[in-house]
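Chain and residue survey
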Amino acid sequence: LAYVAPSPRRVGKLAATKEDMTTLAESNPDYLGQSLGLWDPLGCLNLDFWTLGNEATIGYLRHAEIKHGRVAMAAFLGYLAQSTPVVSGPHAKLPYSGYEPGLTPPEQWDAIPLAGKIQIFGIIGMLESYGEILPQHYCNGGLPGYYPPIKGNRFELIFNLYD
């Protein structure tokens, strides 16, 4: 038997209007979807960011909501991991210069040298830029929340952050 990779998904026209968002919210079967429906207190679905049109603005807002939700979940898990003795406790080999055991996560961040913080923000910036290189951008009908797979020449460098 040979491994056969699944065929790639086709991304169709996914531009959404305010009416589509209302229908999507009201079709949600849980309590909030049935009772609250569409919740847009600031009226952002009526805005036109960067004069790209209302559908592009809705695509941008949907993508931003998904992305920021993912970042918040990852940050929460990171905070929990940093609070464990495995990470904040004593180490045989220090992870970085200036490391001190027993620090809280905010104190750990303060103890990281500037070069380490620049590396962290550099990687975040590269991931943000890489996420904008899409065959069909989320502002032009692409799939909100989609992130292109990261492909490298080594098996460690193949990540699919969408599925």
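Just so you know, the residues in each chain are numbered from 1, in the order the chain's sequence is written. Restriction of local features to residues with pLDDT of at least 70 applies here, the model being predicted, together with a cutoff of 80 or more for giving and counting side-chain atom pairs; totals for whole chains, interfaces and linings are based on all residues. For side-chain calculations, the full set of non-hydrogen atoms in the structure is used, while hydrogens and water are omitted.

1. Description of the packing of helix α1 (residues 18-26) against helix α3 (residues 54-82)
Angles shown run from 0 to 180 degrees and are taken between the N-to-C directions of axes, each axis being a line fitted to C-alpha atoms and, for helices, limited to the stretch in contact. Going along the chain from the N terminus, every DSSP run of H or I of four or more residues is numbered as a helix, and every run of E of two or more is numbered as a strand. Two elements in contact, α1 and α3, have axes separated by 10 Å at closest approach and are oriented at 40°. When the axis of α1 is compared with that of α3, the two are oblique. Contacts between α1 and α3 pair Lys 18, Met 21 and Leu 24 from the former with Asn 54, Ile 58 and Arg 62 from the latter. Residues belonging to the contact of α1 with α3 are distributed by class as follows: three nonpolar, one polar and two charged. Roughly parallel means an angle under 35 degrees; roughly antiparallel, over 145; roughly perpendicular, 65 to 115; everything else is oblique. The contact rule is simple, with two residues in contact once any of their heavy atoms fall within 4.5 Å. Residues are grouped as follows: Ala, Val, Leu, Ile, Met, Phe, Trp, Tyr, Cys and Pro are nonpolar; Asp, Glu, Lys and Arg are charged; all remaining types, including Gly, are polar.

2. Topic: the side chain of Lys 117
Its place among the elements puts Lys 117 in helix α6 (residues 114-131). Burial classes follow relative accessibility: with a 1.4 Å probe on protein chains only, a residue under 20% of its type's maximum area counts as buried, one over 50% as exposed, and anything between as partly exposed. Under the counting rule used here, the positive set is Lys and Arg, the negative set is Asp and Glu, and His together with the chain ends is not counted. A side-chain nitrogen of Lys or Arg and a carboxyl oxygen of Asp or Glu constitute a salt bridge if their distance falls within 4 Å. Although Lys 117 is buried, it makes no salt bridge; Asp 110 carries the closest opposite charge, 4.8 Å away. Among the polar contacts listed, one links the side chain of Lys 117 to the backbone oxygen of Trp 109, at a separation of 3.3 Å. Once residues within four sequence positions are removed from consideration, Lys 117 is found in contact with Trp 109, Asp 110 and Ile 112. Counted as a polar contact is a pair of N or O atoms within 3.5 Å, where, for protein atoms, one must be capable of donating a hydrogen and the other of accepting one, and residues adjacent in sequence contribute only when both atoms are in side chains.

3. Some thoughts on the pattern of salt bridges
One pass over the full model with this rule turns up one salt bridge. The salt bridge involving Glu 128 is made with Lys 67; its shortest N-O contact spans 3.0 Å. Residue Glu 128 is located in helix α6, and its partner Lys 67 is located in helix α3; the two are separated by 61 residues in the primary sequence. Look at Lys 67 and you get partly exposed, because its relative accessible area is 23%.

4. Section: unusual backbone geometry
Even without a glycine there, the phi angle at Trp 50 is positive, about 55°. Topologically, Trp 50 is positioned in the loop between α2 (31-35) and α3. The exposure class assigned to Trp 50 is exposed, which follows from its relative accessible area of 55%. The backbone of Thr 51 shows a phi angle near 50°, a positive value even though the residue is not glycine.

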